[in-house]
Amino acid sequence: MSDPLMPELPSAGGGTIAPRQPTDWTTDAMRQRIRKRYARERRFRRLGLVAVVMSAAFLAFLLVTMASQGLGGFFRTEVALPIDFPQTGIEVDKAALDQPGADLALAGAGLENIVGSAAIAAFGDYGPNVISDNAWLTVREAIKHDPSILDGRAVIHVPASAEIDRAISETGTPEAEAAVTKLQAENAITEGFNWRFLSASDSTDPTQVGIWGALKGSFFTMLVTFLIAFPVGVLAAIYLEEYAPKNRWTDLVEVSINNLAAVPSIIFGLLGLAVFLGTWTLFGHKVGPLLPRSAALVGGLTLALMIMPVIVIASRNAIKAVPPSIRDAALGIGASKVQVVFHHVLPLALPGILTGTIIGMARALGETAPLLLVGMRAFIATPPDSLTDKATVLPVQIFLWSDEVSRGFVEKTSAAIIVLLVFLLAMNAVAIYLRNKFETRW
Amino acid sequence: MNDLTDTTLAQTAREHADMADSAAPVKMAARDVHVYYGETHAIKGVSIDIDMDHVTAFIGPSGCGKSTFLRTLNRMNDTIAAARVEGQITLDGEDIYASGMDVVQLRARVGMVFQKPNPFPKSIYENVAYGPRIHGLAASKSDMDAIVERSLRRAGLWDEVKDRLTDSGTAMSGGQQQRLCIARAIAVDPEVILMDEPCSALDPIATAKIEELIHELRGNYAIVIVTHNMQQAARVSQRTAFFHLGNLVEYGVTSDIFTNPREDKTKDYITGRYG
Amino acid sequence: MTFSALIFLIAGLGLISWLTARARAARFDRAGRRRLHSLPAQHGWYVALWTVVPPLLFLLCWSAIEPGLVSQAVMAHPAAAQLPGFDFERQAVLAEARRLASGSQIGAFNPLAEQLAPVMAEAQSHYAWLGTLVAMLLAFAGGAFAFTRIRANFHARTRVERVVMFVLIIASLIAILTTLGIFLSLVRESLRFFSMVPVTDFLFGTHWAPQVIDPNDPGASLGAVPLFWGTFFIGAVIAMLVAIPFGLMSAIYLTQYAAPRVRRWMKPILEILAGVPTVVYGYFAALTVAPAVRDLAVMLGMEFASSESALAAGVVMGVMIIPFVSSMADDSIAAVPTAMRDGSLALGATTSETIGRVLVPAALPGVVAGVLLAVSRAIGETMIVVMAASGAANITLNPFESTTTVTKQIVDLLTGDAAFDSPKTLAAFALGLTLFLVTLALNIIALRVVKKYREAYE
């Protein structure tokens, strides 16, 4: 204690310090206090559990609501419509039915009226309201498929009208209810998978709508997004991670990327609108719009700018995770820097890059707001055939249908949401799979 | 060299032996304690008595289980999901692993000081007041002030910080932080204080102050200190337990252990043959 | 020749030049019996780049000026003199002629268009051939030039790598260009807007009615304060009242209490909430939540309860943000050293006391930064408010009443057929600029706080 290193403690001697009084834990007040503290602990814990369960319950509620409303959209009510063709006096050249003009020929032969009359014959005066306005199209396809039915009486399952649909699922007009009761008694109502929903495009009639056009539009848009965002994002990440000197320029790049990742998506819509669709005055000439409005090309470019920071950030992290020893090894045998990056670092970082890209693409696939601004909200009844055709995408289609007043669209909107969610979940599952499969601890 | 170390250690231990009192009452007792971390058998059947009013040092090579065992004494191992404790540990004859035992109360009675100073990111005052506040030990503001002052005084920190009690506890030097942590621990009036290598992150001057503080505190608490430094064990403790590979190899009065170890392993260790 | 065919042709030429150059370089190797500086494939790349890049650059410029040249040629035709002077009609006729010329339209409505169509078709094919010819010439010239340069000691690799470097730098600059592009385009349109509407009217005016703009005083009905309030009320108040407690408590429960197995399952489930597209939330808000909220309001005795209440949009938005807040809180709490937690537990604190008095206060900067980011996300969120909130610009504190937001108004203003330079359309850009600056500020502050906070514990 005479250690010169040891300074005298101010409190040494202890004279000023009151003697210790052990806490009496056994008094009633203390026991009660501890009981209260434990009660608080339990309450707090339960609160946390409630928060987690409620969040999960909200998700479950959302999914169940969409599923219960949307599953009906994949099916359609069909009515068995008997048509006695010889009696209708239809006159068509059967041989011509496998030729391009067949549609026109059948329409010219008054098929629509024939189907209408057949409905009256079969279901009485209310008949034309039982079948969908487009029921004759189904009949047309049936005739083209098998011209021999024109020789006799055939029963064709045609889509029911929206009124009948509603009378079955909920309550419809009294007439529709009566018709349904009658049809059910005759076993004339069936439920069939609505292939049309997957193969058709937008329409004003909810029984006729499909998502094919929107899916194709989404595909084209995603194609453009991927072709732009992936190479640019990965190359930018390579530069920033492997080459960039540490200076104010690269700091600026870094800050831009981090901030772009958090810029609201609608701002990208404004950017797309102003840059790609706006007009510019260059050297006194009016230039622009650079790109066609409402096209997948514009939407894809806009989304590419939006998800590029996501891909850059993910790729940088993946590249950063490749250990320096691998670079040193390749450099040590005389590889050039470019060779090191493209032969060694990039392949090793690829799973991480792909995971980030898929997550970014999933975000782009679900994005709506910026696309509304670049005009992809038009009514598109024919699927786009090229990147510059007018197109819409699945989320925008959902938005457009959700605005429709007709009750029949509710089901279709939810059905389209199910399709969108299935795509997104699949993409996320692939991303998680990739991450787990290729996750390497260096 | 070995002899020299041996002699110095033994001498230090003897110098401090005057305080040893073999007839002290037992504060905590462990009987056949086993600790498992998942598959690992970390502590293998340790039985030991911790005496009141004494400093007990746990020494041994790193990974020997001394810190693990220390953490079983106030059930801090509960916070590690994979840890499992078997055997019996009593505090004043009460089994601390019994189902009726309140761990909150236990930890208030058996305080702990950690290897790295871990003051809360609060003011110095709030750091010390934290324990009394959660346990409801102060009836009024002036009560609390008194507790804070008394604890800081006991920790030998009062004069250094009395003018800046509202400063952040994290803004002090390492040695001061550790003494703040000791003040924080004694503010709830524990009966036992566990110290897990309290000086390993400190410089020699700060270490000296902590050791001095341990001396000061000895009379009122049962203190258990885990240390790597045998000089320290010899300087501050009256009882020494030597752990090796999860076993308690030897336990006894410090001066005996350092002058006259019964086990070869102990001897090898304190003479620096391994460790 | 179509554009894509031309691209394929150039790519084909590139491939051929790559193969020939590689073969030639390989022969150097054998003939000279000494090591080449660069691999044969690198010589191949060098020549291929010279073959492909010049014609592609040319085509890029050409596609920008070709339409101008075509319309100049059409204007020179005598029939063009009859074109209507009014710009809009004129453009319509020309567009129809273009469609006729390309064959995408068969019958003509406008006789003038029918007259101009052949002229246009001729000009188009003329310039298309010209462009193709020049592109081909450039490809051959570039290829031949490069081909003559390669020899055994030619440093093809260095040159190719220089191009790669250049491409990399360009790619990384696109991020800056995008930021700059956003800023400049918003500022440009906003300046045009502010030349018609005084800034003060826009920023401090409390009357918003873009449907009825008085041409003499457009600023009177373009006061954005109600939008700012609505955005703040829905995004920063109601949504946060849902997101912060739920997100924070979920993070606390999952990190401090839940068994590892529960955590492993619940975390991804919460993350799904973040992955659901906003249009789905919007639909859900409009279809399910909003009617329920209105019914609640009616039950509480409000007579004219809105079915487009701020509450419905805000609550759903809050749910969407939960996983975001939760993961930010999770990160911040995880960053607090375990020693802190142990220190508190060792004093006999219960877990909840430790969380409430030590962990959360210590993690506060991180949590606050997370909340700022969440707010920035909420006020920029568009689809939920477009679908579930109203267009009525009210300043109200009653969550059952309807309010509108900046993002909803941007969408509403830009969908419609207003001309591009009307104050109504340009107001959207002014709103966009405001939104951009506010979210940018929130992000910068939040990232600063997070960075400082991370440093404090390292």
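Undergrad: How should I be thinking about the overall build of chain C in this particular structure?
TA: Check the secondary structure of chain C and you find 15 helices and zero strands. At 32 Å, chain C has a C-alpha radius of gyration far larger than the 23 Å of a compact globule built from 458 residues. For chain C, the spread of C-alpha atoms along the principal axes amounts to about 85 × 75 × 40 Å. Of all 458 residues assigned to chain C, the portion counted as buried reaches 49%. Taking contacts inside chain C between residues at least 6 apart in sequence as the whole, the part at least 24 apart equals 70%. Accessible surface, chain C as shown: approximately 21,300 Å² in total, 67% of it carbon and sulfur.

Undergrad: Whenever I open this one, the packing of helix 18 (residues 408-438) of chain A against helix 9 (residues 278-299) of chain C confuses me. Can you help?
TA: Any two packed helices are characterised by how steeply their axes cross, that is the angle between the axes, and by the distance between the axes. Across the interface, helix 18 of chain A lies against helix 9 of chain C with an axial gap of 11 Å and an inter-helix angle of 150°. When the axes of helix 18 of chain A and helix 9 of chain C are compared, the pair comes out roughly antiparallel. Along this stretch, helix 18 of chain A crosses helix 9 of chain C, giving a crossing that reads as left-handed. Taken together, the residues of helix 9 of chain C that come into contact with helix 18 of chain A (itself represented by V410, T413, S414, I417 and L420 of chain A) are V279, V280, Y283 and L287 of chain C. When its residues are assigned to classes, the contact of helix 18 of chain A with helix 9 of chain C shows seven nonpolar, two polar and no charged.

Undergrad: Would you mind showing me how to read the interface of chain A and chain C here?
TA: In many reports, interface size means the accessible area that the parts give up when they come together. Tallying the contact residues gives 73 residues for chain A and 76 residues for chain C. In total, chain A and chain C occlude about 6,400 Å² of area from one another, counting both sides; carbon and sulfur atoms represent 79% of this. Across the chain A-chain C interface, the total number found is two salt bridges. For the salt bridge of R40 of chain A with E353 of chain C, the shortest nitrogen-to-oxygen distance reads 3.8 Å. At the junction of chain A with chain C, the criterion picks out eight residue pairs in polar contact (both at pLDDT 80 or more). In the side of chain A that touches chain C, the residues fall into 52 nonpolar, 16 polar and five charged.

Undergrad: Any chance you could explain helix 7 (residues 225-257) of chain C here in plain terms?
TA: Residues lying three or four places apart along an α-helix face the same way, a consequence of the helix completing one turn every 3.6 residues. An ideal rise of 1.5 Å per residue puts 48 Å on 33 residues; helix 7 of chain C measures up with 44 Å between its terminal C-alpha atoms. The largest bend in helix 7 of chain C amounts to roughly 50° and is located at M240 of chain C.

Undergrad: Could you clarify how one ought to interpret the sheet that holds strand 2 (residues 153-159) of chain A in this entry?
TA: Strand pairing within a sheet occurs via backbone hydrogen bonds; the two strands may be parallel or antiparallel. Residue and element names in this part refer to chain A. Across the sheet, which stays open at both edges, the three strands sit in the order 2-1-3 with antiparallel pairing between neighbours. Strands with a single pairing partner mark the edges of an open sheet, and in this sheet they are strand 2 and strand 3 (189-193). Neighbour to neighbour, the strand axes of the sheet diverge by 40° on average, direction disregarded. Lying on the sheet, helix 6 (residues 135-145) is in contact with strand 1 (75-84) and strand 2; it crosses strand 2 at an angle near 130°.

Undergrad: When you look at the sheet that holds strand 1 (residues 26-37) of chain B in this model, what are you seeing that I'm missing?
TA: Residues and elements named next belong to chain B. Ordered in space as 2-1-4-5, the four strands form an open sheet in which the pairing is antiparallel. With one partner strand each, in any of the chains shown, strand 2 (40-51) and strand 5 (94-95) form the two edges of the open sheet. Where strand 4 (residues 83-91) and strand 5 come together, two bridges link them in antiparallel fashion. Bridge pairing in strand 5 links L91 to E94.

Undergrad: Where do I start with the pairing of strand 1 of chain B in this structure?
TA: Every other side chain in a regular strand lies on the same face of the sheet, so the side chains alternate between the two faces. All names here are of chain B. Of the strand pairs in this sheet, strand 1 and strand 2 are connected by nine bridges, and their pairing is antiparallel. Note on strand 2: the bridge partner recorded for Y36 is H41. Linking strand 1 back to strand 2 in an antiparallel pair, the connection comprises two residues, with G38 at a positive phi of about 60°. Two strands pair when backbone bridges link them, and strand 1 and strand 4 are joined in this way by eight bridges, in the antiparallel orientation. What sits directly across from H34, in strand 4, is E86.

Undergrad: I would appreciate a short explanation of the packing of aromatic side chains in the present structure.
TA: The description of an aromatic ring pair uses the distance of the two centres, along with the angle that the planes make with each other. Taken as a whole, this structure holds 26 aromatic pairs over all chains when the rule is applied. Where F58 of chain B meets F243 of chain B, the ring centres are 5.0 Å apart and the plane angle is 55°; that geometry is what we call tilted. One end of the pair, F58 of chain B, is in strand 3 (residues 55-59); the other, F243 of chain B, is in strand 9 (residues 239-244), and 185 residues separate them in sequence. By relative accessible area, F58 of chain B is classed as buried at 0%. A network of ring pairs unites the aromatic residues F74, F197, W401 and F409 of chain A as a single cluster. One residue, K337 of chain A, lies across the ring of Y243 of chain A, its end atom 5.6 Å from the ring centre. One residue, R184 of chain B, lies across the ring of F120 of chain B, its end atom 4.2 Å from the ring centre.

Undergrad: Looking at this structure, I do not really get the nonpolar core. What am I missing?
TA: Considering soluble globular proteins, one finds that nonpolar side chains tend to be buried as a cluster. Grouped together as the largest cluster of nonpolar side chains are 196 residues, with contacts concentrated most on I238 and I267 of chain A together with I182, Y281, I321, I410 and L431 of chain C. With 16 residues, the top contributor of residues to this core is helix 7 of chain C. Here Y281 of chain C is in contact with F58 and L62 of chain A together with L273, V276, V316, V319, M320 and I384 of chain C, once residues within four sequence places are set aside. Formed by 45 residues, the second largest nonpolar core is a distinct cluster that contains M144, A183, L213 and I225 of chain B.

Undergrad: Looking at this model, I keep getting lost on the interface of chain B and chain C. Mind explaining?
TA: The interface is formed by 23 residues belonging to chain B together with 17 residues belonging to chain C. When the two sides are added together, the surface that chain B and chain C hide from each other amounts to roughly 1,600 Å², 66% of it contributed by carbon and sulfur. Across the chain B-chain C interface, the total number found is one salt bridge. Here R71 of chain B and D342 of chain C are joined by a salt bridge, their closest N and O atoms 3.8 Å apart. Here chain B and chain C share four residue pairs in polar contact (both at pLDDT 80 or more) between them. Contributing elements (two or more residues each) for the side of chain B that touches chain C: helix 3 (103-109), strand 6 (110-113), helix 4 (124-135) and helix 7 (174-186) of chain B.

Undergrad: Looking at this model, I keep getting lost on a nonpolar patch on the surface. Mind explaining?
TA: The grouping of F219, L223, F226, L227 and I228 of chain A at the surface amounts to a nonpolar patch, some 430 Å² of accessible area in total. Relative to the helices and strands, L223 of chain A resides in helix 10 (residues 212-243).

Undergrad: What's the story with the domain arrangement of chain C in this structure? I'm lost.
TA: Per the domain assignment, the segments of chain C are domain 1 (3-154) and domain 2 (218-457). One C-alpha centre belongs to domain 1 of chain C, the other to domain 2 of chain C; they are set 50 Å apart.

Undergrad: Help me out: how do you make sense of the confidence of the model for chain C in this one?
TA: The predicted coordinates should not be examined in detail at positions where pLDDT is low. Averaged over chain C, the pLDDT score is 85; the fraction of residues at 70 or greater is 93%. For chain C, helix 3 (residues 87-102) of chain C is the element with the lowest average pLDDT, namely 71, and helix 7 of chain C is the one with the highest, namely 93.

Undergrad: Before we go on, may I ask you to explain the side chain of S336 of chain A in this structure?
TA: Counting through the fold element by element, S336 of chain A comes out in the loop between helix 14 (324-332) and helix 15 (337-366). Of the residues examined, S336 of chain A reaches a relative accessible area of 9% and is grouped as buried. Contact partners of S336 of chain A, with chain neighbours within four places excluded, come to R157 and E161 of chain C.

Undergrad: Whenever I open this one, the pattern of salt bridges confuses me. Can you help?
TA: Evaluation of the coordinates by the stated rule reveals 33 salt bridges over all chains. The shortest N-O distance in the salt bridge between K246 of chain A and D251 of chain A comes to 3.2 Å. You can call K246 of chain A exposed: its relative accessible area is 69%. Residue D412 of chain C is joined to K408 of chain C by a salt bridge in which the shortest nitrogen-to-oxygen separation is 3.8 Å. Separated by four residues within a single helix, D412 of chain C and K408 of chain C lie in helix 14 (residues 406-414), roughly one turn from each other. Several salt bridges converge on common partners, so that one network encompasses K27, D92, E94, R109 and E191 of chain B.

Undergrad: Would you explain the packing of helix 4 of chain B against helix 12 (residues 351-380) of chain C in this entry?
TA: Helix 12 of chain C packs onto helix 4 of chain B with a crossing angle of 145° between their chain directions and a minimal axis gap of 12 Å. The element helix 4 of chain B and its partner helix 12 of chain C pack so that their crossing is right-handed. In this structure, helix 4 of chain B uses Y130, R133 and I134 of chain B to contact helix 12 of chain C, whose residues at the interface are E353, T354, R357 and V358 of chain C.

What counts and what doesn't
Residues numbered from 1 in each chain as written. Chains lettered and ligands numbered in written order. Predicted model: local features only at pLDDT ≥ 70, side-chain atom pairs only at ≥ 80, totals over all residues. Heavy atoms only, no water. Helix = DSSP H or I, 4+ residues; strand = E, 2+ residues; numbered from the N terminus. Rg over C-alpha atoms; globule rule 2.2 N^0.38 Å. Buried < 20%, exposed > 50% of the residue type's maximum accessible area, 1.4 Å probe, protein only. Contact = heavy atoms within 4.5 Å. Areas by Shrake-Rupley, 256 points an atom, 1.4 Å probe, with all protein chains shown as cover. Axes fitted to C-alpha atoms, helices over the stretch in contact; angles between N-to-C directions. Parallel < 35°, antiparallel > 145°, perpendicular 65-115°, else oblique. Left-handed = near helix turned anticlockwise from the far one by under 90°. Nonpolar A, V, L, I, M, F, W, Y, C, P; charged D, E, K, R; others polar. Buried area = accessible area lost by both parts, 1.4 Å probe. Salt bridge = Lys/Arg side-chain N within 4 Å of Asp/Glu carboxyl O. Polar contact = N/O pair within 3.5 Å; in protein donor to acceptor, adjacent residues only side chain to side chain. Expected span 1.5 Å × (residues − 1). Bend = angle between axes of the 7 residues up to and from the residue. Pairing = 2+ DSSP bridges. Phe/Tyr/Trp six-rings, centres within 6.5 Å; stacked < 30°, edge-to-face > 60°. Lys NZ or Arg CZ within 6 Å of the ring centre and 35° of its normal. Core = buried A, V, L, I, M, F, W, Y, C linked by side-chain atoms within 4.5 Å. Patch = residues over 30% accessible without salt bridge, like charges linked within 9 Å, V, L, I, M, F, W, Y side chains within 5 Å. Domains from an automatic or database assignment. pLDDT = per-residue confidence, 0-100.

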